[in-house]
Amino acid sequence: SQIEENDILFSMAGMFLGKTGIATAEVVPANTNQAVAIIRVDDTKANYEYVYYYLNQKSVIHTINTTSAQSAQPNINLKQIGKIKINLPNRKKQDQIVSLLSAIDLKISNNVEINDNLEQQAVALFKSWFVDFSLFGGTVPENWEDTTLENITTLITRGIAPKYSDNSDQTVVNQKCIRNHTIDLSLARTHTPKAINEKWLKFGDLLINSTGDGTLGRVAQVWFAPKALTVDSHVTIVRPAREELIFYIGLWGILHEKEIESLHTGSTGQTELPRDRVKMLKLLLPDNISLSRFNSIIAPMASTIILNQEENQKLASLRDTLLPKLMSGEIDVSSIQL
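Description of the structure in this document. The structure displayed is predicted, hence computed values, not measured ones. Along each chain, the written sequence defines residue order, and numbers are assigned to residues from 1. Reporting of local features is limited, given that this is a predicted model, to residues whose pLDDT is at least 70; pairs of side-chain atoms are given and counted only at 80 or more, and all residues count toward the totals for whole chains, interfaces and linings. With hydrogens and water stripped out, all remaining heavy atoms of the structure feed into the side-chain values.

## Description of empty space enclosed by the protein
Then, in step 1: Within this scheme a cavity is a closed region of a 1 Å grid, computed over the protein atoms alone, that accommodates a 1.4 Å probe without allowing it to escape, whereas a pocket is open but has protein on both sides within 12 Å along at least five of seven lines; lining residues each have an atom within 4 Å of a point. Grid points are joined across faces, edges and corners, and a volume is the space filled by probe spheres set on the points. Within this structure, the stated rule accounts for one cavity of 30 Å³ or more.
Then, in step 2: As a volume, the largest cavity reaches approximately 170 Å³.
Then, in step 3: Looking at the largest cavity, it is lined by 13 residues, and the ones nearest its centre are His181, Thr182, Gln221, Trp223 and Gln309.
Then, in step 4: When residues of the lining of the largest cavity are traced back to their parent elements, those giving at least two are α4 (91-130), β10 (182-183), α5 (246-255) and α8 (288-328).
Then, in step 5: Secondary structure elements are taken from DSSP: a helix is a run of H or I of four residues or more, a strand is a run of E of two residues or more, and numbering for both begins at the N terminus. In terms of residue count, α4 provides more of the lining of the largest cavity than any other element does, three residues in total.
Then, in step 6: Per-class residue counts for the lining of the largest cavity are five nonpolar, six polar and two charged. All amino acids are sorted into three groups, where Ala, Val, Leu, Ile, Met, Phe, Trp, Tyr, Cys and Pro are nonpolar, Asp, Glu, Lys and Arg are charged, and the leftover types, Gly among them, are polar.

Structure below.
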């Protein structure tokens, strides 16, 4: 089917069942496949963004998942989507709710854009210094060493096999959490509390997706102070041996995702990233003075990224808390001031 601007795209099957998005001018004209439904809102009756936010409530997503056919591939059909009940206040109130929620999302989006820009600057600086050697006349300094990832880390290991539970403060990061070089904890799950020891994540740990086509090789570094956080067995933890190596190893990983992906074993759909191959990855070890100079530039960038990520977590929590209360009328949107 042909997508039009402002259509709501609704995932009808699989692990992303119930996920929605809005078609912007940049993506049209385009078509969908049979796993994605197009919801085209009648503008005379409802604000399409209000409908989008309504469908994003956790209670609605839960209802959709329980309605779906219980099979190896959960799914929902167009008739079932059409029967989803929506609380629809008058258009003025819809617009007010959208204005409030979209302001929060805009701030989140702006923070993401700033972080993307800072990351690009950091990667460009890494490439200039440690790939092109622009500060060193275009050649590798004599006091730099050829080494392997194993030699400059204290831990390279897969995560745990979790037993998921909602009654825990211990969180497990999975492969879905690692995307665009960031760690999205909103997609993580809690598990039955257990002693994890060395596999508790630390600031500076490089995480590598290690299973499956299209996912294997994606990396993100822990640029925040994690608490009771680990990864599942489909993710590899790479822990720098010393503080001075944290940003160097993290940015090296971002620049070498394709190389990391190429180390996989197995056939299509069954690919794995062996730990021994990760250990033997080759890289240069700069001298301590160069690392120190590099870190003095990168550290403020990383601090800004961390602050923006923390703000986004708080904003997303605020939005998700307000959403059902605004939709149900429990909170009057006109009484809220941000």
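The rest of the description comes next.
## Some details on the pattern of salt bridges
Then, in step 1: Between Lys or Arg on one side and Asp or Glu on the other, a salt bridge is scored when a side-chain nitrogen of the former is within 4 Å of a carboxyl oxygen of the latter. Under the counting rule described, the total for this entry stands at 14 salt bridges.
Then, in step 2: Measuring nitrogen to oxygen at the nearest pair gives 2.7 Å for the salt bridge that ties Asp7 to Arg40. Of this pair, Asp7 sits in the loop between β1 (2-3) and β2 (8-11) while Arg40 sits in the loop between β5 (36-39) and α1 (48-55), and the two are 33 residues apart along the sequence.
Then, in step 3: Note that Asp320 is salt-bridged to Arg319, the shortest N-O span being 3.1 Å.
Then, in step 4: Taken together, the salt bridges that share partners define one network made up of Glu4, Asp7 and Arg40.

## Re the sheet that holds strand β13 (residues 219-221)
Then, in step 1: Strands are treated as partners if at least two bridges between them are detected by DSSP. In space, the four strands of this open sheet follow the order β7-β15-β12-β13, with antiparallel pairing throughout. Edge positions in the open sheet fall to β7 (153-158) and β13, since each of these has one partner strand only. Within the sheet, the average angular offset between the axes of one strand and its neighbour, ignoring direction, is 15 degrees.
Then, in step 2: Bridge count for strand β12 (residues 206-209) against strand β15 (residues 235-240) is four bridges, and the pairing is antiparallel. Looking across to β15, one finds that Ile208 is bridged to Thr236. The angle between two axes is taken between their N-to-C directions and runs from 0 to 180 degrees, where each axis is a line fitted to C-alpha atoms and a helix contributes only its stretch in contact.

## Details of unusual backbone geometry
Then, in step 1: With an omega dihedral of 0 degrees, the bond running from Val28 to Pro29 counts as a cis peptide bond.
Then, in step 2: Topologically, Pro29 is positioned in the loop between β3 (20-22) and β4 (30-31).
Then, in step 3: Of note, Asn180 is a non-glycine position whose phi angle comes to about 55 degrees, a positive value.
Then, in step 4: Along the polypeptide, Asn180 turns up in the loop between β9 (178-179) and β10.
Then, in step 5: The residue Asn197 is not glycine, and still its phi comes out positive at about 60 degrees.
Then, in step 6: By the element assignment, Asn197 lies in the loop between β11 (189-190) and β12.
Then, in step 7: A residue is classified by how much of its surface remains accessible, and Asn197, at 61% relative accessible area, is exposed. Note on classification: 1.4 Å probe, protein chains only; a residue is buried when its accessible area is under 20% of the maximum for its type, exposed when over 50%, partly exposed between these limits.

## Looking at the nonpolar core
Then, in step 1: If you look at the biggest cluster of nonpolar residues, it comprises 56 residues, and the most contacted ones within it are Leu149, Leu207 and Phe294.
Then, in step 2: The set of buried Ala, Val, Leu, Ile, Met, Phe, Trp, Tyr and Cys residues whose side-chain atoms join them within 4.5 Å is what this entry labels a nonpolar core. Counting 30 residues, the second largest nonpolar core, distinct from the first, contains Ile39, Leu100, Met327 and Val333.

## Re the packing of α4 against α5
Then, in step 1: Interhelical geometry of α4 versus α5 gives an angle of 95 degrees and a closest axis separation of 10 Å. With respect to α5, the element α4 is oriented roughly perpendicular. Across the interface between the two elements, Glu119, Ala122, Val123, Phe126, Lys127 and Phe130 from α4 touch Tyr248, Leu251, Trp252, Ile254 and Leu255 from α5.
Then, in step 2: Classifying every residue of the contact of α4 with α5 by side-chain character gives nine nonpolar, no polar and two charged. The labels follow the angle: roughly parallel below 35 degrees, roughly antiparallel above 145, roughly perpendicular from 65 to 115, and oblique for the rest. By definition, residues are in contact when any of their heavy atoms lie within 4.5 Å.

## Brief notes about α1
Then, in step 1: Of all the eight residues making up α1, six are buried; the element is thus mostly covered by neighbouring parts of the structure.
Then, in step 2: Among the residues of α1, those classed as buried are Tyr50, Val51, Tyr52, Tyr53, Tyr54 and Leu55.
Then, in step 3: Considering only its buried residues, α1 is in contact with β2, β3, β5, α2 (58-67), α4 and α8.

## Digging into the packing of aromatic side chains
Then, in step 1: Two rings from Phe, Tyr or Trp (for Trp, the six-membered ring) form a pair when their centres sit within 6.5 Å of each other. Planes less than 30 degrees apart are called stacked, planes more than 60 degrees apart edge-to-face, and all others tilted. Tallied over the entire structure, the rule returns 13 aromatic pairs.
Then, in step 2: Consider the rings of Phe126 and Phe130, whose centres lie 5.1 Å apart with planes at 65 degrees: the pair is edge-to-face. Here Phe126 pairs with Phe130, and both are found in helix α4, just four residues apart, close to one helical turn. For the pair Phe126 and Phe130, a shared accessibility class is recorded, and that class is buried.
Then, in step 3: Sitting above the plane of the Tyr164 ring, Arg189 keeps its charged end 3.8 Å from the centroid. The rule is short: NZ of Lys or CZ of Arg within 6 Å of the ring centre and within 35 degrees of the ring normal puts a charge over the ring.

## Considerations on the packing of α4 against α8
Then, in step 1: As a packed pair, α4 and α8 sit with axes 9 Å apart at the nearest point and diverge in direction by 165 degrees. By the angle class used here, α4 and α8 are roughly antiparallel. Regarding α4 and α8, the two cross each other, and that crossing is left-handed. For any helix crossing, the convention is left-handed if the near helix is rotated counterclockwise from the far helix by under a right angle, and right-handed if that rotation is clockwise.

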